[in-house]
Amino acid sequence: MSATLTDRPVWTDHGAPVLPIATSRQSLAGLGRALRKHPAECASAVLLTLLAGVGVVAVPLFLGRLVDAVRAGARQDLVPLLAFTAASVVFGAVFAALAQRTTERLGARVAADLREEVLARALGVESRVLERVGSGDIASRVTEDVENFVAAVPLAATVFSAATTIVVSAAGFASVDWRLALAFTVVFPVYWVSLRAYLPKAGPLYAAERRSAADRGQVVLESLHGLSTVHAYDMAEPQTRRVAAASERTLAAATRALRLFILFMKSMNAAEALGLSAILLAGYWLVDAGAVTVGEVTAAALLFHRLFDPLGTVLLSFDDVQRAGAALARIVGVTLVPPPEPKPDRPHDGPVGIVGRGLRHFYDEGHEVVRGIDVEVPAGTSLAVVGASGAGKTTLAGILAGVFPPSAGSTLLVDARGSVDVGDLDAGQVRDWIGMVSQETHVFAGSLRDDVLFAAPGSTDAEVHAALRAVGAGAWVAALPDGLDTAVGAGEHPLTAAQVQQLALARLLLRDPPVVVLDEATAEAGSSGARDLEQAAAALVAGRTAVVVAHRLTQARACDRIAVVADGLVVELGTHDDLVALGGRYADLWSAWSRRY
Ligand SMILES: Nc1ncnc2c1ncn2[C@@H]1O[C@H](COP(=O)(O)OP(=O)(O)OP(=O)(O)O)[C@@H](O)[C@H]1O
């Protein structure tokens, strides 16, 4: 694996490295891609919403005709017109319900697709990128941002239907008389000015309200948690005053937000009054000039009145749409991380040795934790890595296992066909060559079988049992109520730290890579558990090339050679006997260990 010190993609937000955030255009393109996967649902959502809009618009138009029929005394037209009006009401209601359902379902599908896409891409993000941006950013995008987007789906459906109704109504207006339609447009400048005044202030005011509500909650929680202290020091009164002060601040913030909202609503009402007046005035003039009928003006006025609702929906949803847009930008942003380049297939051939050349690594610039290590583990031999806490053992193990690239230097794998740089293999191929048990083994929610098969899908139950027996897990697995079907993971059958380590070892045994890197597989098991795990690890190491980060020196003694790491460098290297004879750091560690155990 080769890498240079600058070989890291970085996007920044106020100087802090983050994953990319999509621009509006990229977000829309991402949404478009997700929508295009459901062409039939998209078409039916649009069609049903249009039909619902037609229903909404038809009612005022028929009512307008009714007015004209009454004025003309055309009694024979009244019943059919009333029937058409009633039918339009039913038609509009039925299609509105169908449209809402279809659009919400489509939204839920799109959200699910986006969630899957972002999760797949997140899992494929290279560790060098993850290391730079931190896993928190990616986790919040896959969870919170996706949730925020999903929560906005019903709203998006409502806004889409409202926007469609507005468009269909505009067509309805134009069909009555273009001059009436023109009169109606006087509302738009008023809406525009109100929105420009409302939106920039609303966000910070609502945020302040949420913040002060959170502060109040914090004060209340503190008082409850510290109840005994409050009683002991007779602090009930000052504490109540703190809660009251926090409540007043919340109330003041909520009042400020509400006042702005009421002002905004008033300006919307003013816009509606203005629009209606404009239509009636224009209507009066047009009727007078004989250009339109009273019924047509009635239809236009009713049409406009019916628009209050959808217009209000669209205007009031700006905030939420902006918030959903921000979540979408972060979700789509994950998909903008360039996927790792596909590497040519290079299966291993026979036993594999491992060579690290000039390895250096830093997590924080200016603080190297591996400072130039050359290490060679010939095929079929084992190397123990020992040293004080923080010496760089885990970092070295991670680099040798190809979990992340070094800041400088390279790791080569050597087989019968020659050598290959770990960096020239893709992540899946690396795991065929090298298996690793790290300090953080995760137990996935599911059956015990699935948890083991995770590393080697397709293995039979007999093979899974054999692997579990080989790592010393046979007895406890046999005692499980449902055997391999037992549910493990969060909230299910609890596993001890040693059992989790055994699972990790069994996974690796089934995967059967020629090289294994074990990092403190025995550290958390307590001394008797640790001895069992040592044996389990020995079963895995036998016949393979192994790098073992060993805290228990018996495990180090069992390896062919031992590297003592101190402050990012290998300071001693040799067999157990050589190093004891050398009388250096390892000899000191060994004599201290021998005295203790
Ligand atoms: N992800 C990380 N980000 C920043 N610093 C890190 C990270 N991982 C390790 N370090 C730092 O790098 C140094 C070497 O850590 P490393 O875990 O490699 O040492 P170690 O010898 O394995 O220690 P231990 O035996 O305690 O696990 C330490 O100073 C540690 O704090």
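On a predicted model such as this, the values are computed, not experimentally measured, just so you know.

Caption draft 1: Examining the overall build of the chain more closely. In terms of helices and strands, the chain carries 22 helices and 14 strands. For the chain, whose C-alpha radius of gyration is 35 Å, the value lies well above the compact-globule estimate of 25 Å for 597 residues. Expressed as lengths along the three principal axes of its C-alpha atoms, the size of the chain is roughly 120 × 70 × 55 Å. Here the chain holds 597 residues, and 44% of them are scored as buried. Here the chain contributes 51 positively and 61 negatively charged side chains, and the mean placements of these two sets differ by 6 Å.

Caption draft 2: Focus on the site of the ligand. In the vicinity of the ligand lie 13 residues, with S389, G390, K393, T394 and T395 positioned nearest. In this structure, T394 approaches the ligand through a side-chain N or O atom, which is 2.7 Å from an oxygen atom. Within the complex, the protein chains bury 62% of what would otherwise be the 630 Å² of accessible surface of the ligand. Sorting elements by how many residues they give to the shell around the ligand places helix α13 (residues 393-400) first, with three residues. Its residues placed into classes, the shell around the ligand shows four nonpolar, seven polar and two charged.

Caption draft 3: Looking closely at the side chain of T165. When you line up the elements, T165 lands in helix α6 (residues 153-176). In terms of polar contacts, T165 uses its side chain to reach the backbone carbonyl oxygen of S161, at 2.8 Å. Once you skip the residues sitting within four places of it in the chain, T165 turns out to touch V56, L307 and P310.

Caption draft 4: Main features of the nonpolar core. If you look at the biggest cluster of nonpolar residues, it comprises 46 residues, and the most contacted ones within it are V386, L468, L505, L518, A556 and Y586. With nine residues, the top contributor of residues to this core is helix α18 (residues 497-511). If near-sequence neighbours (up to four positions away) are discounted, L468 is found in contact with V452, A473, G474, V477, L484, L503 and A506. Core analysis: the second largest hydrophobic core is formed by 38 residues, A162, L260, F304 and L311 among them.

Caption draft 5: Expanded view of the environment of V287. By secondary structure assignment, the location of V287 is in helix α10 (residues 236-288). When its relative accessible area of 30% is taken as the criterion, V287 is described as partly exposed. Between the C-alpha atom of V287 and that of D215, which follows or precedes it by 72 residues, the distance is 61 Å. Ignoring anything within four residues of it in the chain, the contact list for V287 reads V292, T293, V294 and V297.

Caption draft 6: Expanded view of the sheet that holds strand β4 (residues 367-377). On the basis of which strands lie adjacent, the open sheet formed by four strands has the order β4-β3-β6-β7 and antiparallel pairing. Looking at which strands have only one partner, the edges of the open sheet turn out to be β4 and β7 (418-421). Each strand axis lies, on average, 20 degrees off the axis of its neighbour in the sheet, ignoring direction. Pairing of strand β3 (residues 353-364) with β4 involves eight bridges; the strand directions are antiparallel. Bridge pairing in β4 places G356 opposite V375. Packing of α13 onto the sheet brings it into contact with β3, β4 and β6 (408-415), and relative to β3 it is tilted by some 125 degrees.

Caption draft 7: Layout of the environment of A171. Mapped onto the elements of the fold, A171 is located in helix α6. For A171, a relative accessible area of 48% corresponds to the partly exposed category. Between the C-alpha atom of A171 and that of A181, which follows or precedes it by 10 residues, the distance is 8.9 Å.

Caption draft 8: Here's a closer look at the packing of aromatic side chains. Following the criterion strictly, the structure yields five aromatic pairs and no others. When the centroid spacing of 5.1 Å and the interplanar angle of 90 degrees are considered together, the rings of F304 and F308 count as edge-to-face. One end of the pair is F304 and the other is F308, both in helix α11 (residues 294-316) and four residues apart, which spans about a single turn. The burial state of F304 is the same as that of F308; both residues are buried. Taken together, a centroid distance of 6.4 Å and an interplanar angle of 55 degrees make the contact between Y363 and F404 tilted. With Y363 in strand β3 and F404 in the loop between α13 and β6, this residue pair connects regions lying 41 residues apart in the sequence. Under the relative-accessibility criterion, F404 is labelled buried at 12%.

What counts, and at which threshold
Residues numbered from 1 in each chain as written. Predicted model: local features only at pLDDT ≥ 70, side-chain atom pairs only at ≥ 80, totals over all residues. Heavy atoms only, no water. Helix = DSSP H or I, 4+ residues; strand = E, 2+ residues; numbered from the N terminus. Rg over C-alpha atoms; globule rule 2.2 N^0.38 Å. Buried < 20%, exposed > 50% of the residue type's maximum accessible area, 1.4 Å probe, protein only. Lys, Arg positive; Asp, Glu negative; His and termini not counted. Charge placed at Lys NZ, Arg CZ, Asp CG, Glu CD. Near = heavy atom within 4 Å. Polar contact = N/O pair within 3.5 Å; in protein donor to acceptor, adjacent residues only side chain to side chain. Areas by Shrake-Rupley, 256 points an atom, 1.4 Å probe, with all protein chains shown as cover. Nonpolar A, V, L, I, M, F, W, Y, C, P; charged D, E, K, R; others polar. Contact = heavy atoms within 4.5 Å. Core = buried A, V, L, I, M, F, W, Y, C linked by side-chain atoms within 4.5 Å. Pairing = 2+ DSSP bridges. Axes fitted to C-alpha atoms, helices over the stretch in contact; angles between N-to-C directions. Phe/Tyr/Trp six-rings, centres within 6.5 Å; stacked < 30°, edge-to-face > 60°.

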